[in-house]
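Fold and contact review
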Amino acid sequence: MQQLTAPAEPEERGGDSATAPAPGRTERAARRFEELRGRRWFWPAALVAGYVAEVLFRLVLARGLTFPSVHPDEESYLVLARVLAGRGSTEMPVGVVIPGGYALLISPALWIADDPATAYKLVMGINALVSALVLPLAFVALRRLGLDRPLAYLFGAATALLPPVVFYAHHAMTDALLPALILAWLLCLHGWLLDGPLRRRVWYAVGAGASAGYAMATHDRGGVVVALTAAVFLGVLVFRLAPWRSTVAGLGALAVAVAGAEALAAWLHAQFTVENSDTGGYLWRGLTDPEAAQRTLTRTVGQIWTFIVSTWGIGGLAVVVCLVAVFRSRFARADRIAGGTMVALLVGTALAAAAALPDDGRVDDWVYARYTSYLVPAAFVTGVAVLHRCSRRALAKVAVAAAVLTVVLAEAVILSAGGKLHSDRFVIWGAPDISFLAAEWNKLAMGRTTAAALIVLTALVLMLIAGGRRVLWATGATLIAFAAFATATITDQVTQPHHKQRVSTASGFTRAAGLKPHDSVVFTWDVDWPFRSTQAFQVYLGRVWYRDPRWQPLPAEATALVTPVPAEGRPEDYWPGHPAEWYVERTDPAKKWVLWRKR
């Protein structure tokens, strides 16, 4: 930046005094910014301000969300949170006890609130607070990858606004937490591998082990995180790539965290009368069944394709460079191991999810976005570092490789899945980023999605090749605007409509049936499952059971019963010979339910 000149002294000979022109507003603002950013408090204050802005952005988009709409996943986490908050047990909507780490995080909302709508709004607030942590974490990651503070702040803000980061924060699901948690895990893993004081490396190792264990307590995907963390710790210990004390500390933290996750799971299972989850069994069958092998492989490829296009190709830059770094000694050891671990987690997660997902005739199962989304922030900041650090020639090569990889993955899915990509049922909630890029909200358009993602990537690369690092500011600002626009559009086209379409099965049914806060309700197994799953949370102070009164005794404390409308005859004909204290109070033939009351 040029120095501003002070007014010149009057010349001794001649008439008028000559002075330099006064600095303009832009120059004064730039000088003031330079002065401010040199002060110690500036960047912490800027991060706090940016974090608050990210939280508010999420809360604005979440306005009007008052009940769970993704059945039965959201209700299951909310039921776990209800029990962890000290409220009574109820039926488990998903049928098995799922990991409770996220439920533990949101349980204060259900401890504070006296009704389900307030509790859900508070959960959205907790989600916003946790999801927005991606900004400071991305800032730290980008600083470590070589960006200066202003650029790290700019691209960190863009990272936190990415649709995969914000979209899931508008649902009571673990995916609101996992992107920030996995980014923190990778930062700890990388920090442990960097040269430095032993004490610092010990703390980073402990952080890596603890965050991996908490990931396991939060979702089944955390098992892949734990396995990779243990493998890295043991490999580093064997080859003496880090001080052994730090590695042992990390392994100890991992063991304690995994034990805590298992203890939490055991305690939660004791609160419900359901079977253990058989996710491991589904995974094993999906990996070993010859008939399912092609489906598993295609879904794995499809999820990796979705992951790359959901980051507009920037994640593809990260994948390419991390794979190259593993085999190139000129990269720093910490970068090589952390980068290789990130790619291994991406492939491992996609493979495990592809094998475990059921064959339920959904198009998005072939290109499922959710399970790999927790790696989006980590891959995006790595891709940004590629844009920043690579020479023009190297950047062009990496971009071409990423584009070729994306096209090959897409073609592999199209050739393998064939007509099922069009004949299977399209669920827009499972493919929000794909739908946005293709501007197609009713079907899968892989070619158009791929082209759109590569156009964005090409535009960014050409800007940098033409303008060099001088245009990084413009690139970062463009990504912030595009990410905010994409996220707001997806909220408007997917989240809000999905929520509104499910009013009748959630709070709408509660009002129509006249259920009271302290009711305890029995649902028969042949009632539509969305009604059953949502009411496990909507019946907030009482509880829910799933029973068939024709051959199962009803709990003594039950006050209401919901059955389907018989195909023929009167509503009472569904339960012939019912006890005298039970009577039909309401019927909705259109929705096909009957509400019984106990006198």
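These numbers come from a predicted model, not from an experiment. Counting starts from 1 at the beginning of each chain's written sequence and moves along it residue by residue. Only residues with pLDDT of at least 70 are given local features in this predicted model, and only at 80 or more are side-chain atom pairs given and counted; all residues enter the totals for whole chains, interfaces and linings. For the side-chain quantities, the full set of heavy atoms in the structure was used; hydrogens and water were omitted.

**Quick look at the overall build of the protein chain**
- For the purposes of this entry, the term helix denotes a DSSP run of H or I that reaches at least four residues, the term strand denotes a run of E that reaches at least two, and both are numbered from the N terminus. The helix and strand inventory of the protein chain stands at 24 helices and five strands.
- A compact globule built from 599 residues would reach a C-alpha radius of gyration of about 25 Å, and the protein chain, at 28 Å, matches this within 12%.
- Reported as C-alpha extents along the three principal axes, the dimensions of the protein chain are approximately 115 × 65 × 50 Å.
- When a residue's accessible area, from a 1.4 Å probe over protein chains only, is under 20% of the maximum for its type it is buried; when over 50% it is exposed; and in between it is partly exposed. Each of the 599 residues in the protein chain was classed as buried or not, and the buried ones make up 53%. With C-alpha atoms as the basis for the radius of gyration, the globule rule is written as 2.2 Å multiplied by the number of residues raised to the power 0.38.

**Observations regarding the pairing of strand β4 (residues 582-588)**
- Between any two strands, at least two bridges found by DSSP are needed for them to pair. Across six bridges, the pairing between β4 and strand β5 (residues 593-598) is antiparallel. By the bridge assignment, Val 584 is partnered in β5 with Trp 596.

**Quick look at the environment of Ile 98**
- Among the secondary structure elements, Ile 98 is positioned in the loop between α3 (73-84) and α4 (101-112).
- Through-space distance from the C-alpha of Ile 98 to that of His 219 is 7.5 Å; in sequence the pair is 121 residues apart.

**What to know about the packing of aromatic side chains**
- In this scheme Phe, Tyr and Trp rings, the latter by its six-membered ring, pair at centre separations within 6.5 Å, and the angle between planes marks the pair as stacked below 30 degrees, edge-to-face above 60, and tilted otherwise. A complete count under the given rule lists 21 aromatic pairs for this structure.
- An aromatic cluster is built from Trp 41, Phe 42, Trp 43, Phe 139 and Tyr 153, whose rings are joined through pairwise contacts.
- Between the NZ or CZ atom of Arg 221 and the centre of the ring of Tyr 374, over which it lies, the distance is 5.1 Å.
- The criterion for a charge sitting over a ring is simple: Lys NZ or Arg CZ within 6 Å of the ring centre, and within 35 degrees of the ring normal. Just above the ring of Trp 366 sits the side chain of Arg 299; from NZ or CZ to the centre is 5.6 Å.

**Comments concerning the nonpolar core**
- Buried Ala, Val, Leu, Ile, Met, Phe, Trp, Tyr and Cys residues that are joined via side-chain atoms within 4.5 Å together make up what is termed a nonpolar core. Membership of the largest hydrophobic core comes to 156 residues, with the highest contact counts inside it found for Leu 110, Val 123, Trp 185, Trp 192, Trp 312, Leu 345 and Leu 375.
- Looking at this core, the element that brings in the most residues is helix α9 (residues 178-193), giving 12 residues.
- By the convention used here, residues are in contact when the closest approach between their heavy atoms is within 4.5 Å. Among all residues touching Leu 345, those that are not within four sequence positions of it are Ile 182, Trp 185, Val 224, Val 225, Leu 228, Tyr 374 and Leu 375.
- By size, the runner-up hydrophobic cluster in this structure holds 14 residues, among which are Phe 509, Val 521, Tyr 546 and Val 562.

**Topic: the environment of Val 224**
- With respect to the helices and strands, Val 224 occurs in helix α11 (residues 222-239).
- In this structure, the C-alpha to C-alpha distance between Val 224 and Gln 535, residues 311 residues apart in sequence, is 33 Å.
- If sequence neighbours within four positions are ignored, Val 224 has contacts with Leu 345, Gly 348, Thr 349 and Ala 352.

**A few points about the packing of helix α14 (residues 290-310) against helix α18 (residues 392-417)**
- Close contact between α14 and α18 brings their axes to 9 Å; oriented N to C, the two are set at 145°. Our pair here, α14 against α18, has a crossing hand that is left-handed. When α14 is examined against α18, the residues Gln 294, Thr 298, Val 301, Gly 302, Ile 304, Trp 305, Ile 308 and Val 309 are found in contact with a partner set consisting of Leu 405, Thr 406, Leu 409, Ala 410, Ala 412, Val 413, Ser 416 and Ala 417. Between N-to-C directions, angles cover 0 to 180 degrees, with each direction set by a line fitted to C-alpha atoms, over the stretch in contact for helices. Working rule for handedness: look at the near helix, and if it is turned counterclockwise from the far one by less than a right angle, call the crossing left-handed; if clockwise, right-handed.

**What about a nonpolar patch on the surface?**
- Each patch is assembled from residues with relative accessible area greater than 30% and no salt bridge, linking like charges that lie within 9 Å and nonpolar side chains (Val, Leu, Ile, Met, Phe, Trp, Tyr) that lie within 5 Å. For every accessible area listed, the method is Shrake-Rupley and the probe measures 1.4 Å; residues are considered covered only by the protein chains on display. Each salt bridge in this description consists of a side-chain nitrogen of Lys or Arg and a carboxyl oxygen of Asp or Glu lying within 4 Å of one another. A cluster of nonpolar side chains, Val 48, Val 52, Leu 56 and Leu 59, forms an exposed patch at the surface whose accessible area comes to about 330 Å².
- Its location among the elements puts Leu 59 in helix α2 (residues 42-61).

**Let's talk about α9**
- A rise of 1.5 Å per residue sets the reference length of α9, with its 16 residues, at 22 Å; its end C-alpha atoms lie 23 Å apart and thus fit the reference within 8%.
- Across the 16 residues that make up α9, a large majority, 15, are buried. Helices are assigned an expected span. That span is 1.5 Å times one less than the residue count.

**Observations regarding the side chain of Thr 510**
- Along the chain, the position of Thr 510 falls in helix α23 (residues 507-513).
- Side-chain atoms alone can form a polar contact between residues adjacent in sequence; in general such a contact is a pair of N or O atoms within 3.5 Å, and within protein one must be able to donate a hydrogen while the other accepts it. A distance of 3.2 Å separates a polar side-chain atom of Thr 510 from the backbone oxygen of Ala 506.
- Among residues more than four places away in sequence, those in contact with Thr 510 are Leu 515, Gln 535 and Gln 538.

**Regarding unusual backbone geometry**
- Residue Pro 72 follows His 71 across a cis peptide bond; omega there is -5°.
- Among the secondary structure elements, Pro 72 is positioned in the loop between α2 and α3.
- Although it is not a glycine, Arg 240 adopts a positive phi angle of roughly 55°.
- Relative to the elements of secondary structure, Arg 240 occurs in the loop between α11 and α12 (244-270).
- Given the relative accessible area of 75%, Arg 240 is considered exposed.

**Description of the packing of α11 against helix α16 (residues 333-356)**
- At a minimum axis separation of 10 Å, α11 and α16 run at an interaxial angle of 145°. In terms of crossing hand, the pair formed by α11 and α16 is right-handed. Every residue of α16 that contacts α11 at Val 224, Val 225, Leu 228, Val 232 and Val 236 is listed here: Ile 337, Thr 341, Ala 344, Leu 345, Gly 348, Thr 349 and Ala 352.
- Gly counts as polar in this scheme, as do all residues outside two lists: the nonpolar Ala, Val, Leu, Ile, Met, Phe, Trp, Tyr, Cys and Pro, and the charged Asp, Glu, Lys and Arg. Classifying every residue of the contact of α11 with α16 by side-chain character gives nine nonpolar, three polar and no charged.

**Some thoughts on the environment of Ile 304**
- By secondary structure assignment, the location of Ile 304 is in helix α14.
- With 106 residues separating them along the chain, Ile 304 and Ala 410 place their C-alpha atoms 9.5 Å apart.
- Beyond its immediate sequence surroundings of up to four residues, Ile 304 is in contact with Leu 346, Val 347, Ala 350 and Leu 409.

**Details of the side chain of Ser 310**
- Note on placement: Ser 310 falls in helix α14.
- With near-sequence residues (within four places) excluded, Ser 310 lies in contact with Pro 164, Val 376 and Asp 433.

**Details of the confidence of the model for the protein chain**
- The predicted model of the protein chain averages 92 in pLDDT, with 96% of residues at 70 or higher.
- Predicted confidence is poor over residues 1-18, with pLDDT under 50, and the contacts of this stretch with residues over four places away or in other chains come to 15 contacts. Values of pLDDT, which run from 0 to 100, indicate the predictor's confidence residue by residue.

**Some remarks on the sheet that holds β5**
- An order of β2-β1-β3-β5-β4 is seen for the five strands of this open sheet, with the pairing classed as mixed. Both edges of this open sheet fall to β2 (544-546) and β4, since each of them pairs with a single strand only. When the angles between neighbouring strand axes are averaged without regard to direction, this sheet yields 25°.
- By the bridge criterion, three bridges tie strand β1 (residues 521-523) to strand β3 (residues 560-563) in an arrangement that is parallel. Considered in β3, the bridge of Phe 523 is made with Val 562.
- Seen against the sheet, helix α24 (residues 529-538) touches β1, β2 and β5 and runs at an angle of roughly 150° to β2.

**Section: the pairing of β3**
- Alternating positions in β3 separate into two faces, Ala 560 and Val 562 on one and Leu 561 and Thr 563 on the other, with burial throughout.
- Two elements, β3 and β5, share four bridges in a ladder whose sense is antiparallel. From the neighbouring strand, Thr 563 faces β5, where its bridge partner is Val 594.

**Overview of the pattern of salt bridges**
- Scanning the entire structure with this criterion turns up 15 salt bridges.
- Here Arg 221 ties to Asp 175 by a salt bridge, and the two come within 2.7 Å at their closest N and O atoms. Here Arg 221 is found in the loop between α10 (198-218) and α11, whereas its partner Asp 175 is found in the loop between α8 (163-167) and α9, with 46 residues between them in sequence.

**Some thoughts on helix α7 (residues 149-160)**
- Given a rise of 1.5 Å per residue, 12 residues ought to cover 16 Å, and the 16 Å separating the end C-alpha atoms of α7 matches this to within 8%.
- Here α7 lies mainly inside the structure; 10 of its 12 residues are buried.
- The set of residues buried in α7 consists of Pro 150, Leu 151, Ala 152, Leu 154, Phe 155, Gly 156, Ala 157, Ala 158, Thr 159 and Ala 160.
- Looking at the packing, one finds that the buried side of α7 touches α1 (25-37), α2, α6 (134-144), α8, α17 (376-389) and α22 (472-501).
- Measuring from the backbone nitrogen of Leu 151 back to the side-chain oxygen at the start of α7 gives 3.0 Å, which picks out Asp 148 as the cap.

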